[in-house]
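Descriptive analysis of the structure
Each chain is listed here by its residues.
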Amino acid sequence: MHAIAQRVVIAYGSESGNAKALAQALAAAPCVAALQPQVMPLNDVDLLQAPWGDEALLLIISSSFGDGEPPGNAEGFLARLRQSSSLAQLRYAIFGLGDTAYPNFCGFTKQLDALLQERGAQAIINRVDADIGYADFFARWQSVLEQVLQGDAQAGLALSLRVIAYGENDAYAADILERRQLNHAAPDAEPGAYHIRLACEGSGMRWRAGDTLHVLAQNDPQLLAQLAQWYGAPEAAELLRDKELRQISKGVLRELARLGGSDALKGLLKFSQRQQLEQYLWGADVLDVLQDFCTPETVPLAQLAQLLSPRLPRAYSIASHGEAGHIDLCIRHVRYERQGRSREGMATHWLLAHDGPVQVYCRANPGFRLTGDAATPLILIGTGTGIAPLMGLLRELQASGQPRQTCLFFGEKRQAQDFLYREELESLQAEGVLHQLVTAFSRDGAEKYYVQHALQEHAGTLRDWIAQGAHVYVCGNKQHLERAIGAAFDALLADAEQGAAHDETPWQRLGREGRVHLELY
Ligand SMILES: Cc1cc2nc3c(=O)[nH]c(=O)nc-3n(C[C@H](O)[C@H](O)[C@H](O)COP(=O)(O)O)c2cc1C
């Protein structure tokens, strides 16, 4: 066997430094160092000028960003590659870094590989698609590269290192390990709040606290039966089984209004009626729309089946950390009645009632992940089941063994019934993971008391923490929470910030500095 390359270029595309660090480590590895490699960002690689003859080799190590796009220092390379014609002389190998929690996993390096192949370039090692645990893959890739450099071409073409990403069409079937009610039933209590644990050990699925779990639930058989009855056609249940029956898009409504010849529905779809439409759609399903505005004759079953989109996944905040081997959710079992029919949240009901595995996949939510360093204090604010991602963050801090100054403000109705995760929170506090646990139970006193009131009472601590660079994480109800929390922070920081520029409020400034993390629903 003889060495296959005299000249090696190691080119990286890297936004936050992982790929660059690997490129530098590779250059220092004895088998490569002997060839005195050049290390540079992909943007500096000149595909046309460099002599990519028999003796040269391009090793690409790059991450993907945005939606499977190149990091900033690789954008120019991609543009030039697109414009280039034949690259038949070029031999290359690609090591892609990514995160399966993003929909376009390793999108950029997959695209590079395809473009290079289209232009006749030759991969000497099969492309690697590595996830966040890339260190192990890199060690294996490097040892195969060593074999290839020594002339063993087969080793590169036999390598198979590609993490498969889960998604809507390729979901993971997770068993339910635990279902436990977190609040105590009482006649006037909030609807049930449940802790659900899903088994994910060995799935290869990756996530971090703050990310979301997408659940592909099945439609309620009762609703399918009611649709079949409305149509007088038993086959409706089968035809509509995998269709989205709850979240009805404007496009579908427009088409139903046209087919049904309904002026009332056409009117509701006018821009000026958007609030009325929102009110009408709250808790509605496709059977409501059909009953209210159409007849089985105006919207034949086959046409409805064609019109409706496939079932949409429902997203839940993950309440466990990424190394846990299981995914925890904290969900509310919503039940209500409308037009004489009792209804339940589609996926929530499915998660609570169904036996057997649940189809799921994770998606990254970088805006709600832990940021900053050990010196960055964390102010966590959650109401009701909005505690879920905050539990995830606390559990991640606990698992990391690197606690920070952390304070949780939790709001609910009544302490005796609604103190979700009370025991665990108290033990996190005893362990020193959580420094302050502040609760605001709105209905326990003579006057309503909410998290924003608790924030005011702790103004001194909060001001100090904000001055130390604290990040604020807020999760809960969209309608009330953000405005109330923003106003509370503006009030408590107003004095401290007197004299500062007034074209923004203190809360807006924190937002602009990337220190406010919101998860509102
Ligand atoms: C905002 C953001 C967007 C990302 N987008 C993607 C993506 O679309 N596909 C993917 O596979 N990985 C994505 N990632 C994950 C990165 O590719 C991964 O963290 C990688 O290890 C970063 O390497 P680098 O430090 O060399 O840039 C993203 C990460 C962040 C923070």
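In the block above lies the structure referred to throughout.
Residues numbered from 1 in each chain as written. Predicted model: local features only at pLDDT ≥ 70, side-chain atom pairs only at ≥ 80, totals over all residues. Heavy atoms only, no water.

**Re the overall build of the protein chain**
Along its length, the protein chain carries 21 helices and 20 strands. By residue count, 52% of the 521 residues in the protein chain fall in the buried class. A separation of at least 24 residues holds for 78% of the contacts in the protein chain among residues at least 6 apart in sequence. Taking the average place of the 46 positive charges on the side chains of the protein chain and the average place of its 61 negative ones, the gap between the two points comes to 4 Å. (Helix = DSSP H or I, 4+ residues; strand = E, 2+ residues; numbered from the N terminus. Buried < 20%, exposed > 50% of the residue type's maximum accessible area, 1.4 Å probe, protein only. Contact = heavy atoms within 4.5 Å. Lys, Arg positive; Asp, Glu negative; His and termini not counted. Charge placed at Lys NZ, Arg CZ, Asp CG, Glu CD.)

**A word on the nonpolar core**
In this structure, Ile10, Leu26, Ile61, Phe95, Ile125 and Trp141 are the most contacted members of the largest nonpolar core, which totals 35 residues. Elements with a minimum of two residues in this core: strand S1 (7-13), helix H1 (18-28), strand S3 (56-63), strand S4 (91-97), strand S6 (128-130) and helix H5 (134-149). In terms of residues, this core owes the most to one element, H5, which gives eight residues. Setting aside chain neighbours within four positions, we find Trp141 in contact with Leu26, Ile61, Ala93, Ile94, Phe95, Ile125, Val128, Leu159 and Leu161. (Core = buried A, V, L, I, M, F, W, Y, C linked by side-chain atoms within 4.5 Å.)

**Looking at the site of the ligand**
With respect to spatial proximity, 19 residues lie near the ligand, and among them Ser14, Glu15, Ser16, Ala19 and Cys106 are the closest. Between the ligand and the protein, one listed contact pairs an oxygen atom with a side-chain N or O atom of Ser16 at 2.5 Å. The separation between an oxygen atom of the ligand and a polar main-chain atom of Cys106 is 2.7 Å. Burial of the ligand by the protein amounts to 85% of the accessible area it has alone, namely 640 Å². Taken together, the residues that form the shell around the ligand break down as six nonpolar, 10 polar and three charged. (Near = heavy atom within 4 Å. Polar contact = N/O pair within 3.5 Å; in protein donor to acceptor, adjacent residues only side chain to side chain. Areas by Shrake-Rupley, 256 points an atom, 1.4 Å probe, with all protein chains shown as cover. Nonpolar A, V, L, I, M, F, W, Y, C, P; charged D, E, K, R; others polar.)

**Observations concerning the sheet that holds strand S7 (residues 172-174)**
The strand order across the open sheet formed by four strands is S7-S15-S10-S11, and the pairing between neighbours is antiparallel. Across the chains shown, the open sheet's two edge strands, defined by having one partner strand only, are S7 and strand S11 (314-317). Sheet twist, expressed as the mean angle between neighbouring strand axes with direction ignored, is 40°. Here strand S10 (residues 212-216) runs beside strand S15 (residues 358-363); their pairing, made up of five bridges, is antiparallel. Within the sheet, the bridge partner assigned to His214 lies in S15 and is Tyr361. Against the sheet, helix H14 (residues 346-353) engages S10, S11 and S15, with an angle of about 70° to S11. (Pairing = 2+ DSSP bridges. Axes fitted to C-alpha atoms, helices over the stretch in contact; angles between N-to-C directions.)

**Focus on the pairing of S1**
In terms of burial, S1 is largely enclosed, as six of its seven residues are buried. The pairing of S1 with strand S2 (residues 38-41) spans four bridges and is parallel. Within S2, the residue paired with Ile10 across the bridge is Val39.

**A short note on the packing of aromatic side chains**
Two descriptors summarise a pair of aromatic rings, namely the distance from one centre to the other and the angle between the planes of the rings. By the definition in use, this model includes 12 aromatic pairs. Between Trp282 and Tyr336 the ring centres are 5.4 Å apart and the planes differ by 55°, which places this aromatic pair in the tilted class. One end of the pair, Trp282, is in the loop between helix H11 (274-281) and helix H12 (286-293); the other, Tyr336, is in strand S13 (residues 335-338), with 54 residues separating them in the sequence. Residue Trp282 is classed as exposed on the basis of its relative accessible area of 60%. An aromatic cluster of at least three residues, connected via ring pairs, comprises Phe95, Phe138 and Trp141. Above the plane of the ring of Tyr421 lies Arg395, whose end atom (NZ or CZ) is 5.3 Å from the centre. (Phe/Tyr/Trp six-rings, centres within 6.5 Å; stacked < 30°, edge-to-face > 60°. Lys NZ or Arg CZ within 6 Å of the ring centre and 35° of its normal.)

**Topic: unusual backbone geometry**
In this structure, Gln339 is a non-glycine residue whose phi angle is positive, near 45°. Relative to the helices and strands, Gln339 is located in the loop between S13 and strand S14 (341-344). Of the residues examined, Gln339 reaches a relative accessible area of 48% and is grouped as partly exposed. Its identity is not glycine, yet Tyr421 carries a phi of approximately 60°, on the positive side.

**A short note on the packing of helix H19 (residues 459-467) against helix H20 (residues 481-494)**
At a minimum axis distance of 10 Å, the contact between H19 and H20 shows a crossing angle of 85°. As far as their axial angle goes, H20 and H19 are roughly perpendicular. Where H19 approaches H20, its residues Ala459, Leu462, Arg463 and Ile466 are matched on the opposing element by Phe489, Leu492 and Leu493. Here the contact of H19 with H20 is built from residues that sort into six nonpolar, no polar and one charged. (Parallel < 35°, antiparallel > 145°, perpendicular 65-115°, else oblique.)

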